[in-house]
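So the chains spell out like this:
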Amino acid sequence: MSPSVYDSVRNDRHSRHRKQPPRRWKLPLLLAAGAVCLCLIVAPTLGKSPAPGTPAGQAAPPPATPDFVPTPEPTPTPAPTPTPEPTPTPVPAFDFSQSAPERETVEMDYFADALFIGDSRTDGLRLYSGVKGADFYCYKGLTIFEMNSRKVAEIDGTKYSVLDALGRGRQYAKIYISLGINELGYFDDQVFADTFAAFLTQVKALQPGAVIYLENLAPVNPGKCKANRQPYYVNNDRVADYNAIFPRLAEEQQVVLLDVAAALSDADGVLPAEATVDGVHFTKDWYKTWLAYLMDHTVDAEEYAAGQTGAAEGESGS
Amino acid sequence: MKRVLLLLLAGVLSVGLAACGGGFAGYDPETTAQALLDSGAFEDALDTLDEESACMVYGLDPEQVEDCVVYASITAGAEEIAVLRMTDEDAAKAALEALKGRVEDQIAALKDYQPEEVGKLDGAILDRQGTTVLLAVPASHDLAQAALDALR
């Protein structure tokens, strides 16, 4: 066959192929298009319904291959760094084994929510020190043994015992207790201590918001006591006996000890002669000294509360 | 002339009657308290109470107290001096009752604490003159009363 004839035939075939494909090429194309359409229709339904026979409530096994291209998660925006909250400064717990430390002097209005419980010495404080605003449950000769019996506290014209009044009257923020000088002749220190402890427990229960101050005993002046024929038991040995009890009471009952004895005695540990007329009660200046000590020795209510652990121990049944 | 002499005589008599006691205007707090202190009627050591403390002790309304001088025992005893000038007579009457109550309270307090002091309270001097009120609890009733009489 000559090239011309061959070329002619080949060109003829090529031209026919381009212009009209042979019938055997159409069928696969149609099948492929159909398969693609079928896939497009069927694929979205895969994995959406449980497989036949799957028990209700039981998830069908996940498809072997993901049936969709997951939308790419947005790049997380970096969260702003939170401003650290200021750490609260823990309130230091008051150490009840120590007497109240000297602090900045309070103003007189500090006593507007204060109550004083005591005997004739406290009555002298009321009359002569210049203290203002406080309430007083005090009485000549009052003892720790009469807190539930002797009616010395007046509320709305009616007189009550100290404990009755504490339960009926207002709630105080500070309660000062000064008792013991009239009990010097009661020679059972354990009963004195136990009675005092029980009283402090009751005061704390009746006045839960109050800082309780327990004042130890200022000494007496032996010379003036003798000259004024005070009873023999009114002496500084007996005062020392009780002043050994008060720190233990303060620590055990978690109340604030006020070392009034140190504030109102001289270098020899006695009440100075110029501070008293009868050896026991104070002069006006000495009552002012007493008040000044109280105004210089206070305990923050939060520190007092932070130091209270007795309630928890009590609840645990110990 | 006779008429003029009669008028002069009447005037002199009036002044004389006033001077004999009809004109006592009441107890001046400062003068009266000092006269009592100077009388020798008191044995105990006394010191002054300010007006606010005095009102607290006696249960008085400070608004009704014009002036006062008060001394009380600094040994928790019974002796006491209180001279009050009140705003009006009603307030003075109420103050007198309050002072009587103070005496009763002191008797109740001292009968166990300092029983020897109760006798002083039994001889307490209580008086009202117009708008002024007086309480004196001396060791010597007679000396105190003489000092008060001298003020009239």
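Below you will find a few notes about this structure. This structure is a prediction, so every number in the text was calculated from the model and none was measured.

**Considerations on the packing of helix α3 (residues 120-128) of chain A against helix α9 (residues 284-296) of chain A**
Residues and elements named next belong to chain A.
Alright, step 1. At a closest axis distance of 9 Å, the pairing of α3 and α9 adopts a crossing angle of 90 degrees. Taken together, the axes of α3 and α9 lie roughly perpendicular to each other. Between α3, through Ser-120, Arg-121, Thr-122, Gly-124, Leu-125 and Tyr-128, and α9, the contact on the second element is made entirely by Lys-284, Tyr-287, Lys-288, Trp-290, Leu-291 and Leu-294.
Alright, step 2. Taken together, the residues that form the contact of α3 with α9 break down as 6 nonpolar, 3 polar and 3 charged.

**Here we look at the pattern of salt bridges**
Alright, step 1. Taken as a whole and assessed by the stated rule, the structure comprises 19 salt bridges over all chains.
Alright, step 2. Between Glu97(B) and Lys100(B) there is a salt bridge, with the nearest N and O atoms lying 3.4 Å from each other. On the criterion of helical spacing, the pair formed by Glu97(B) and Lys100(B) is a turn pair, its members being 3 residues apart in helix α4 (residues 89-113).
Alright, step 3. One salt-bridge network, held together by shared partners, links Lys132(A), Asp50(B) and Glu52(B).

**Re the sheet that holds strand β5 (residues 174-178) of chain A**
Residue and element names in this part refer to chain A.
Alright, step 1. In space, the 5 strands of this open sheet follow the order β2-β1-β5-β6-β7, with parallel pairing throughout. Single-partner strands in this sheet number two, and they are β2 (135-138) and β7 (256-258). Each adjacent strand pair in this sheet contributes to an overall mean axis angle of 20 degrees, direction not counted.
Alright, step 2. Of the pairings in the sheet, the one linking strand β1 (residues 114-118) to β5 comprises 5 bridges and is parallel in character. When the sheet's bridge partners are listed, Ala-114 is paired in β5 with Lys-174.
Alright, step 3. Strand contacts of α3: β1, β2 and β5, with the helix running at about 150 degrees to β2, the strand carrying the most contacts.

**Quick look at the packing of helix α2 (residues 29-38) of chain B against helix α6 (residues 141-151) of chain B**
Relative orientation and spacing of two packed helices are given, respectively, by the angle between their axes and the distance between those axes.
Residue and element names in this part refer to chain B.
Alright, step 1. It is at 9 Å that the axes of α2 and α6 come closest, and there the two elements cross at 140 degrees. When you trace α2 past α6, the crossing you get is right-handed. Each of Thr-31, Thr-32, Ala-35 and Leu-36 in α2 lies in contact with α6, whose residues at this interface are Ala-144, Ala-147, Leu-148 and Leu-151.

**Section: α6(B)**
All names here are of chain B.
Alright, step 1. All of the buried residues in α6 are Ala-144, Ala-147 and Leu-148. Buried residues of α6 fall within an arc of 95 degrees about the axis and therefore sit on the same side. Turned more than 90 degrees off the buried face of α6, the exposed positions are Asp-142 and Ala-150.
Alright, step 2. Buried residues belonging to α6 abut α2, β4 (125-129) and β5 (132-137).

**Brief notes about the nonpolar core**
Alright, step 1. Of all hydrophobic cores here, the largest spans 108 residues; its most connected members are Phe111(A), Ile117(A), Tyr137(A), Ile175(A) and Phe196(A).
Alright, step 2. Per-element tally for this core: the top contributor is α4(B), with 9 residues.
Alright, step 3. Setting aside residues no more than four positions away along its own chain, Ile175(A) makes contact with Leu115(A), Ile117(A), Leu166(A), Val203(A), Gln207(A), Ala210(A), Val211(A), Ile212(A) and Tyr213(A).
Alright, step 4. Ranked by size, the runner-up nonpolar core spans 15 residues in total, among them Leu36(B), Ala41(B), Val83(B) and Ala144(B).

**Let's talk about the state of the cysteines**
Alright, step 1. Taken as a whole and judged by the stated rule, the model has 0 disulfides over all chains.
Alright, step 2. Cys138(A) takes part in no disulfide bond, and the closest cysteine sulfur to it belongs to Cys55(B), at a distance of 17 Å.
Alright, step 3. Of the cysteine sulfurs around Cys68(B), a residue in no disulfide, the closest is that of Cys55(B), at 6.0 Å.

**Focus: the sheet that holds strand β1 (residues 46-49) of chain B**
Residues and elements named next belong to chain B.
Alright, step 1. A sheet is described by the order of its strands in space; here 5 strands give the open sequence β1-β2-β3-β5-β4, paired in antiparallel fashion. Bordering the open sheet on either side are β1 and β4, each of which pairs with just one other strand. Looking at each pair of strands side by side, their axes are set apart by 10 degrees on average, direction ignored.
Alright, step 2. Direction of pairing for strand β3 (residues 80-86) relative to β5: antiparallel, over a ladder of 6 bridges. Across the sheet, the residue bridging to Ala-82 is Leu-135, located in β5.
Alright, step 3. In the packing of helix α3 (residues 51-58) onto the sheet, the strands contacted are β1, β2 (65-73), β3 and β5, and the crossing angle to β2 comes to about 75 degrees.

**Here we look at the interface of chain A and chain B**
Alright, step 1. Taken together, the contact pairs 17 residues of chain A with 22 residues of chain B.
Alright, step 2. The largest contributions to the chain A side of the interface with chain B come from Leu127(A), Tyr128(A) and Lys140(A), which together make up 35% of the buried area.
Alright, step 3. For Glu52(B), the salt bridge is made with Lys132(A), and the minimal N-O distance between the two is 3.9 Å.
Alright, step 4. Linking chain A with chain B are 8 residue pairs in polar contact (both at pLDDT 80 or more), by the criterion used here.
Alright, step 5. The leading source of residues in the side of chain A that touches chain B is α3(A), at 4 residues.
Alright, step 6. Counted by class, the side of chain A that touches chain B contains 5 nonpolar, 5 polar and 7 charged residues.

Reading guide: rules and limits
- Counting of residues starts from 1 at the beginning of each chain's written sequence and follows it residue by residue.
- Written order determines the labels here, with chains lettered from A and ligands numbered from 1.
- Where totals are concerned, whole chains, interfaces and linings use all residues; where local detail is concerned, this predicted model gives features only for residues with pLDDT of at least 70, and gives and counts side-chain atom pairs only at 80 or more.
- Side-chain descriptors were evaluated using all non-hydrogen atoms of the structure, hydrogens and water having been removed beforehand.
- To get an axis, fit a line to the C-alpha atoms, keeping to the stretch in contact for a helix; angles then go from 0 to 180 degrees between the N-to-C directions.
- Helix numbers and strand numbers start at the N terminus; a helix is a DSSP run of H or I with at least 4 residues, a strand a run of E with at least 2.
- Should an angle fall under 35 degrees it is called roughly parallel, over 145 degrees roughly antiparallel, and 65 to 115 degrees roughly perpendicular, with every other angle called oblique.
- A contact between two residues is defined here by any heavy atoms of the two lying within 4.5 Å.
- Residues were grouped as follows: Ala, Val, Leu, Ile, Met, Phe, Trp, Tyr, Cys and Pro as nonpolar; Asp, Glu, Lys and Arg as charged; and all remaining residues, including Gly, as polar.
- Between Lys or Arg on one side and Asp or Glu on the other, a salt bridge is scored when a side-chain nitrogen of the former is within 4 Å of a carboxyl oxygen of the latter.
- Pairing between two strands is assigned when DSSP locates at least 2 bridges connecting them.
- Handedness of a crossing is defined here by the sense of rotation of the near helix relative to the far one, left-handed for an anticlockwise turn of less than a right angle and right-handed for a clockwise turn.
- The classification of residues rests on relative accessible area computed with a 1.4 Å probe and restricted to protein chains. Under 20% of the type maximum is buried, over 50% is exposed, and intermediate values are partly exposed.
- What the arc describes is the spread of directions from the helix axis to the C-beta atoms.
- Among the buried residues, those of types Ala, Val, Leu, Ile, Met, Phe, Trp, Tyr and Cys that are joined through side-chain atoms within 4.5 Å form a nonpolar core.
- When two cysteine sulfur atoms are found within 2.5 Å, that pair is recorded as a disulfide.
- Accessible area that two parts lose when put together, with a 1.4 Å probe and added across both, is what the buried area reports.
- A 3.5 Å cut-off defines polar contacts: any pair of N or O atoms within that distance qualifies, except that in protein one atom must be a possible hydrogen donor and the other a possible acceptor, and neighbouring residues in sequence count only when both atoms are side-chain atoms.

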